Amino acid sequence: MNRRAAKAAVIAIEAAGVFLAAAAAFLAFFFWRLQSGPISLALFRPSAEFAIERALPPGHRAMIGRASLSRADAAGEYDLLLQDVRIDDRSGKNVATLSSLSLDFAARDLLHGALGPRRIALVDPKLEIERGADKKLSLGFGGGASAGRGVFQTLTGGRRFRRAFQSAELRRAEIEFRDDASGRSWRAKNASAQIKRTTSGYAAALTGVFDFDGRAASMNVKAGYDEAREIIEAKIHVNDAPIGDLLSMFYGPGAAAISAPITGDAAIELTRAGAVLSSRFEGSAGRGELMLGDKTAEIASLNFAAAFDPTKNEFKLEKLAFDIGGSKADISGTASVRFEAGKLSPVSIAFDLAAGNVLLAPGDVLAGPLPMEKVAAAGAYDFADRRLSLQDVSMQLLG
């Protein structure tokens, strides 16, 4: 009995030795083969498609044209290259395509249990962003308030595979935004985006030029996320942005009181859930028109700087210098916005403002221009009725 057990143990040890030797030989051949060029992973393509689908909402399908593995530029790292990638939603509609998806892995990360890629690069991605009639955003990877977080989770590997993550990049991206409520569609070509891990969380950047009905508008965004505080800080620069179109889209047609393009900067601080904590805006408007009631006035120049307190829905106007319809002024003060219950549509705006270097253009009331040294006014403007009401007005005329 003991001899049979000993013989069985010897056979098991020999079998294990043969298996380990075969595995070592296979790995040696595999790594030797990697030295001479990429290795096709056609047999593992279904597994790669399944792994991508696990990172997408239920019902989404991923298809990969080709897959290969090669040595990366950094020592001890390997590049998994997926080409001709297509993602369809549950209805079979294509929501994203890209010419290649590159994932760089480090062998020592895997040995230390840090699963997932260090670097991710998406080349020539085509993405669709749709704002439905319910005003909810769909990013092709799932809609609603969690859509942005879903894309972030996908790019950084999610909670399971984020330990090794260092950076993700979108190159030569084409982004199409469609708004069902207004029927408008805007497209950005050759856009780029990056997400990088930092000591405190993540840093992100986005640049692109959008086409708004034949007019070009550029945008540059830099943002940082502090994991401990769960706070996002973003700085945004826009050039020739169609502010009237944007206000109309997000707040309804009554908010589109200005048709001039805006160039300027914004700094916004918000929570991970998207609640705005503070914001500041500074910029200028190009030539266009301002609509007040049933009248329009030509904008010759407009410069502004303001901060917004979301706890009061109040703007602190640091500067508003304008030349509109022949009237000029330098204005500062406060303005509070009242929104419709449960909606982002503004109902009215109450203001308490002071102005200097005032010049009122001639019109229905004035036979000629009226210069004034100082003017102060308090009142409100109703967006629905486009009605201006004044509670207190004081003036100091020149001379």
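Fair warning: this is a prediction, and the values are worked out from it, not measured in the lab.

## Brief notes about the overall build of the protein chain
When its secondary structure is counted, the protein chain shows five helices and 21 strands. Residue burial in the protein chain is summarised as follows: out of 399 residues, 34% are buried. Taken as a whole, the protein chain presents about 23,400 Å² of accessible surface, with 59% of it coming from carbon and sulfur.

## Quick word on the pattern of salt bridges
Inspection of the entire model under this criterion finds 13 salt bridges. For the salt bridge of R119 with D104, the shortest nitrogen-to-oxygen distance reads 3.6 Å. Residue R119 is found in strand β5 (residues 119-123), and its partner D104 is found in strand β4 (residues 94-106); the two are separated by 15 residues along the sequence. Residue E174 pairs with R187 through a salt bridge whose shortest N-O separation is 2.5 Å. Taken together, the residues span a long stretch of sequence, with E174 in strand β8 (residues 167-179) and R187 in strand β9 (residues 184-197) at a distance of 13 residues. One network of salt bridges, with partners in common, ties together D226, R229 and E269.

## Points about the pairing of β4
Relative to β4, strand β3 (residues 77-88) runs antiparallel, the two sharing eleven bridges. Paired with V85 across the strands is L98, a residue of β4. If you look at the hairpin formed by β3 and β4, you'll find five residues sitting between the two strands, and G92 has a positive phi there, around 90°. Here β4 pairs with β5 via five bridges, running antiparallel.

## Quick notes on the side chain of S100
Mapped onto the elements, S100 comes out in strand β4. By relative accessible area, S100 is classed as buried at 13%. Setting aside anything within four residues of it in sequence, one finds S100 in contact with L81, L82, Q83, A121, L122 and V123.

## Topic: the environment of T199
One can find T199 in the loop between β9 and β10 (201-212). For T199, a relative accessible area of 90% gives the class exposed. Distance in space between the C-alpha atoms of T199 and E227 is 9.6 Å, their sequence separation being 28 residues.

## What to know about the confidence of the model for the protein chain
Here the protein chain shows a mean pLDDT of 77. Residues at 70 or above account for 73%. By mean pLDDT, the top-scoring element of the protein chain is strand β17 (residues 314-324) (90), and the lowest-scoring one is helix α1 (residues 2-35) (49). Note on residues 141-149: pLDDT is under 50 here. Beyond four places in sequence and across chains, it has 17 contacts.

## A few points about the packing of aromatic side chains
Under the defined criterion, the tally for this structure stands at three aromatic pairs. A ring pair is formed by Y381 and F383, whose centres lie 5.4 Å apart and whose planes are at 85°; its orientation type is edge-to-face. The pair formed by Y381 and F383 is uniform in burial state, with each residue classed as buried.

## Quick word on the nonpolar core
Inside soluble globular proteins, nonpolar side chains tend to come together where they are buried. Core analysis: the largest hydrophobic core is formed by 36 residues, its most contacted members being I52, L82 and L101. Other than its neighbours up to four places away in sequence, I52 contacts A62, I64, L82 and L101. The next biggest cluster of nonpolar side chains, apart from the first, holds 17 residues, and it includes I258, A260, A285 and I324.

## A look at helix α2 (residues 45-54)
Looking at α2, one finds that the buried residues are A48, E49 and I52. Relative to the axis of α2, the buried residues are bounded by an arc of 100° and lie together on one face. Those residues of α2 that are exposed and aimed more than 90 degrees away from the buried face are P46 and R54. Here the buried face of α2 lies against β2 (61-71), β3 and β4.

## Here we look at a nonpolar patch on the surface
Together, L388, L390, V393, M395 and L397 make up an exposed nonpolar region whose accessible area comes to about 500 Å². In this fold, L397 is placed in strand β21 (residues 387-397).

## What about unusual backbone geometry?
Residue D84 is not a glycine yet carries a positive backbone phi of 55°. Residue placement: D84 occurs in strand β3. The backbone of R386 shows a phi angle near 50°, a positive value even though the residue is not glycine. Note that R386 resides in the loop between β20 (370-382) and β21. The exposure class assigned to R386 is partly exposed, which follows from its relative accessible area of 32%.

## Regarding the environment of V123
Mapped onto the fold, V123 is located in strand β5. For V123, a relative accessible area of 10% corresponds to the buried category. Linking V123 and L98, residues 25 residues apart in sequence, is a C-alpha distance of 6.0 Å. Setting aside its immediate chain neighbours within four residues, V123 contacts L98, S99, S100, R171 and R172.

Analysis parameters
Residues numbered from 1 in each chain as written. Predicted model: local features only at pLDDT ≥ 70, side-chain atom pairs only at ≥ 80, totals over all residues. Heavy atoms only, no water. Helix = DSSP H or I, 4+ residues; strand = E, 2+ residues; numbered from the N terminus. Buried < 20%, exposed > 50% of the residue type's maximum accessible area, 1.4 Å probe, protein only. Areas by Shrake-Rupley, 256 points an atom, 1.4 Å probe, with all protein chains shown as cover. Salt bridge = Lys/Arg side-chain N within 4 Å of Asp/Glu carboxyl O. Pairing = 2+ DSSP bridges. Contact = heavy atoms within 4.5 Å. pLDDT = per-residue confidence, 0-100. Phe/Tyr/Trp six-rings, centres within 6.5 Å; stacked < 30°, edge-to-face > 60°. Core = buried A, V, L, I, M, F, W, Y, C linked by side-chain atoms within 4.5 Å. Arc of directions from axis to C-beta. Patch = residues over 30% accessible without salt bridge, like charges linked within 9 Å, V, L, I, M, F, W, Y side chains within 5 Å.

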